[in-house]
Amino acid sequence: MELNKLLKGVSYSVLQGNANIEVKKIEYDSRKVTAGDVFVCITGFQRDGHTFAAKAVKSGAVALICEYVPEGIDKEVTIFQVENSREALAFMAVQYFNQPSPKMHVIGVTGTNGKTTTTYLMKSILDHMEKKVGVVGTIENRIGDRVLHTERTTPESKELQELLDTMVKEDVSHVVMEVSSHSLDLHRVDGIEYEIGIFTNLTQDHLDYHKTMENYKEAKSKLFERAQKSVINLDDAAGSFMRERAKGQVLTFAVENDADLRARNIEISAEGTEFSLTWEEKEYHVHLSTPGRFSVYNALGAIGACLLLGISMTDILVGLKENQGVAGRFQAVRSKKGYQGVVDYAHTPDGLDNILKTAREFAKGRIITIFGCGGDRDKTKRPIMGEIAGNGSDYCIITSDNPRTEDPLTILNEVEAGMKKTQCPYEKIADRRAAILQGTKMAKTGDVIIIAGKGHENYQIFKDCTIHFDDMEEIRKAFGEDCI
Ligand SMILES: CC(=O)N[C@H]1[C@@H](OP(=O)(O)OP(=O)(O)OC[C@H]2O[C@@H](n3ccc(=O)[nH]c3=O)[C@H](O)[C@@H]2O)O[C@H](CO)[C@@H](O)[C@@H]1O[C@H](C)C(=O)N[C@@H](C)C(=O)N[C@H](CCC(=O)O)C(=O)O
Ligand SMILES: Nc1ncnc2c1ncn2[C@@H]1O[C@H](COP(=O)(O)OP(=O)(O)OP(=O)(O)O)[C@@H](O)[C@H]1O
Ligand SMILES: N[C@H](CCC[C@H](N)C(=O)O)C(=O)O
Ligand SMILES: [Mg+2]
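These remarks concern the structure in this document. Just so you know, these numbers come straight off a predicted model, no measurement behind them.

Structural notes on the overall build of the protein chain
Along the backbone of the protein chain there are 16 helices and 24 strands. Scaling as 2.2 N^0.38, a compact globule of 484 residues should have a C-alpha radius of gyration of about 23 Å, and the protein chain matches this with 24 Å. Along the longest, intermediate and shortest principal axes, the C-alpha atoms of the protein chain span 75 × 55 × 40 Å. Partitioning the contacts of the protein chain with sequence separation of at least 6, the portion at a separation of at least 24 is 67%.

If you want it as structure tokens, here you go:
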């Protein structure tokens, strides 16, 4: 493809070489460059891509996209200067992969918690409508029934556009996609035409990256500035802000406040959640297989988006009923001894608070919480989560999540600082397997053992290795022959 065609819509200046040059493919990692490629130099957080430009040229790059001129580049190599390379990369990828997003109905979901769950609720509804669905998110990417591994909630723009292009080629009609705040801030989703954007909520997370809640909110709001239509949670403190930013039609949902979709008569049990809803003067009854007040919000977001897609409320409710829950989101395992384990991905203060309150609504005995916090992530949430766990539990075991490059014991101590502010008895066991065994050993009839933070993850990341580790497997093993 011709380089200047790839750069359609991007402001640039040609510093040297031929602007009409043909390029084979786009790369932003010098290690992947082969003959005839254009190399995009990204100023990263760890490294500066411009310092790899000469290496990329050696590997065959014929053109460079840069924010400044890298040193030691041959006169024959074409160099384009742009203001922001990540932004340029996104728009180049849109062109290279033939502008896939407008060829499908793309629904983006953003918010601190509930993105994955909302996308799977939507998938269930769209499956019921016999649509071919594409999913982009934390657990996996999906093209219909085909599951593709993913490392990130929202991939880098080039991989994302390539994935959307494959979806078009494989006749996907609807894409439900998690849009992380990182991806909005780092231009990964630039150039994607969202038919609908859904806002779930905004609570503390990722302050290591965004630094302030204000920045975090700004990043999230970009989705609604771009989406043709928006579905917004008005019970969240940031809901009105997102509504103001929304450019097109807005459909609101709430439990506490007046909204287009308002849930009433909520009933929560260990088996699920029921509520009623009025739409176009008719009363509907909604059944969800996941317990919790937060599940009502996720369902309302999914219902709102499906209504905007033109699906009838009756079909939506049948589709929702078919959803059997989402891997690692409030997944229950029962023991013949009368207690149960719940594996949940709560890894934020609000997420943890919600599941503990939900468990309290149906627990007949104690709540024993086993959890930790990830390394190399927002450190300020550690004591907050410690305090929340202590206030919402009868016993806690502070353990390791993914320590990454950090010392596991240091993380445990930071969580403990918050726990100490509460009356809750607790212990610290760094080994997550031993912590789950200990929680099981002390459980009695009626108790609920909450294992939070890792949900669907089947690995644990340490400084020098990543091991296989799956909370569901571990709790089943710990229950042994008594596992139902
Ligand atoms: C904070 C963040 O998002 N960082 C992303 C960022 O990394 P970076 O800026 O540090 O990259 P870098 O290592 O400095 O490299 C700069 C450039 O040099 C290039 N390079 C590097 C080495 C080399 O030999 N040659 C070369 O060309 C790199 O390819 C890159 O283009 O750009 C990289 C390339 O796209 C991403 O892989 C990386 O994601 C990291 C791995 C990450 O962990 N991100 C997480 C925090 C994230 O994005 N999470 C969100 C939200 C999760 C949620 O709440 O659900 C997500 O969407 O997953
Ligand atoms: N609407 C909600 N409000 C608050 N907490 C929620 C909500 N939905 C889910 N949770 C909690 O957050 C956890 C993560 O849910 P989910 O995976 O759907 O969120 P996410 O936004 O995709 O997270 P991530 O940022 O990691 O991708 C759940 O396991 C549950 O504990
Ligand atoms: N998307 C979130 C997931 C956190 C999950 C938790 N298990 C951890 O590793 O901290 C993040 O990358 O911050
Ligand atoms: Mg997710």
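Having seen the model, we can carry on.
Thoughts on the site of ligand 1
Taken together, 21 residues are adjacent to ligand 1, and Asp29, Gly44, Gln46, Thr153 and Ser180 come closest. For the shell around ligand 1, the residue count by class is 6 nonpolar, 10 polar and 5 charged. Residues lining the shell around ligand 1 come from more than one domain, with at least three contributed by each of domain 1 (3-85) and domain 2 (101-322).

Quick look at helix H15 (residues 432-442)
For H15, the complete set of buried residues consists of Arg432, Ala435, Ile436, Gly439 and Thr440. The buried residues of H15 all sit within an arc of 135° when viewed along its axis, so they share a single face. For H15, exposure combined with an orientation more than 90 degrees from the buried face picks out Ala434 and Lys441. Tucked into the core, H15 has its buried residues touching strand E19 (367-371), strand E20 (395-398), strand E22 (448-452), strand E23 (459-461) and helix H16 (471-479).

Section: the sheet that holds E22
If you trace the 6 strands from one edge of the open sheet to the other, you get E17-E18-E22-E19-E20-E21, paired in mixed fashion. Of all strands in the sheet, those bounded by a partner on one side alone are strand E17 (331-334) and strand E21 (426-428). With strand direction ignored, the average angle separating the axes of adjacent strands in the sheet is 15°. Pairing of E19 with E20 involves 4 bridges; the strand directions are parallel. Opposite Ile368, over in E20, you have Tyr395 as the bridge partner. Sheet contacts for H16: E17, strand E18 (340-344) and E22; angle to E17, the most-contacted strand, approximately 15°.

Considerations on the packing of H15 against H16
Two elements in contact, H15 and H16, have axes separated by 9 Å at closest approach and are oriented at 45°. When the interaxial angle is binned, H15 and H16 end up oblique. Remark: the crossing between H15 and H16 carries right-handed chirality. Each of Arg433, Ile436, Leu437 and Thr440 in H15 lies in contact with H16, whose residues at this interface are Glu474, Ile475, Ala478 and Phe479. Tallied by class, the residues present in the contact of H15 with H16 amount to 5 nonpolar, 1 polar and 2 charged.

Side note on the sheet that holds strand E13 (residues 249-254)
One open sheet holds the 11 strands; their spatial order is E9-E8-E7-E10-E6-E11-E12-E13-E14-E15-E16, and the pairing between them is mixed. Of all the strands in the sheet, the pair left with one neighbour each is strand E9 (146-148) and strand E16 (282-288). Each neighbouring strand pair of the sheet contributes to a mean axis angle of 20°, computed without reference to strand direction. Taken strand by strand, helix H10 (residues 293-308) contacts strand E6 (105-110), strand E11 (196-199), strand E12 (229-233), E13, strand E14 (261-268), strand E15 (273-279) and E16, and its axis lies near 145° from that of E14. Taken strand by strand, helix H11 (residues 313-322) contacts E15 and E16, and its axis lies near 15° from that of E16.

Description of the packing of helix H4 (residues 115-128) against H11
In contact at an axis separation of 7 Å, H4 and H11 are set at 120° when each is read in the N-to-C sense. Overall, the two elements H4 and H11 adopt an arrangement that is oblique. Between H4 and H11 the crossing geometry is right-handed. Residues Leu121, Ser124, Ile125, Asp127 and His128 of H4 form the contact with H11, whose own contacting residues are Asp315, Ile316, Val318, Gly319, Leu320 and Glu322. Here the residues of the contact of H4 with H11 sort into 5 nonpolar, 3 polar and 3 charged.

Observations concerning the nonpolar core
Counting 63 residues, the largest nonpolar core has Ile107, Met122, Val175, Ala299 and Ala305 as the members making the most contacts within it. A total of 10 residues in this core trace back to one element, the largest contributor, which is H10. Other than its neighbours up to four places away in sequence, Ile107 contacts Met122, Val175, Val176, Met177, Glu195, Ile196, Ile198 and Ala305. The next biggest cluster of nonpolar side chains, apart from the first, holds 38 residues, and it includes Tyr339, Phe371, Ile388 and Val415.

Remarks on the pairing of E15
Direction of pairing for E14 relative to E15: antiparallel, over a ladder of 4 bridges. Following the sheet pairing, Glu267 is matched in E15 by Glu274. The hairpin formed by E14 and E15 contains 4 residues between the paired strands. Of the strand pairs in this sheet, E15 and E16 are connected by 7 bridges, and their pairing is antiparallel. Among the inter-strand pairings, Phe275 is bridged to a residue of E16, identified as Val286. Where E15 folds back onto E16 in an antiparallel hairpin, the turn is made up of 2 residues, including Glu280, whose phi is positive at roughly 50°.

Thresholds, definitions, all that
- Residues numbered from 1 in each chain as written.
- Chains lettered and ligands numbered in written order.
- Predicted model: local features only at pLDDT ≥ 70, side-chain atom pairs only at ≥ 80, totals over all residues.
- Helix = DSSP H or I, 4+ residues; strand = E, 2+ residues; numbered from the N terminus.
- Rg over C-alpha atoms; globule rule 2.2 N^0.38 Å.
- Contact = placed C-beta atoms within 7 Å.
- Near = placed C-beta within 6 Å.
- Nonpolar A, V, L, I, M, F, W, Y, C, P; charged D, E, K, R; others polar.
- Domains from an automatic or database assignment.
- Buried ≥ 20, exposed ≤ 12 C-beta atoms within 10 Å, placed from the backbone.
- Arc of directions from axis to C-beta.
- Pairing = 2+ DSSP bridges.
- Axes fitted to C-alpha atoms, helices over the stretch in contact; angles between N-to-C directions.
- Parallel < 35°, antiparallel > 145°, perpendicular 65-115°, else oblique.
- Left-handed = near helix turned anticlockwise from the far one by under 90°.
- Core = buried A, V, L, I, M, F, W, Y, C linked by C-beta atoms within 7 Å.

None of this, on its own, says anything about what the molecule does.
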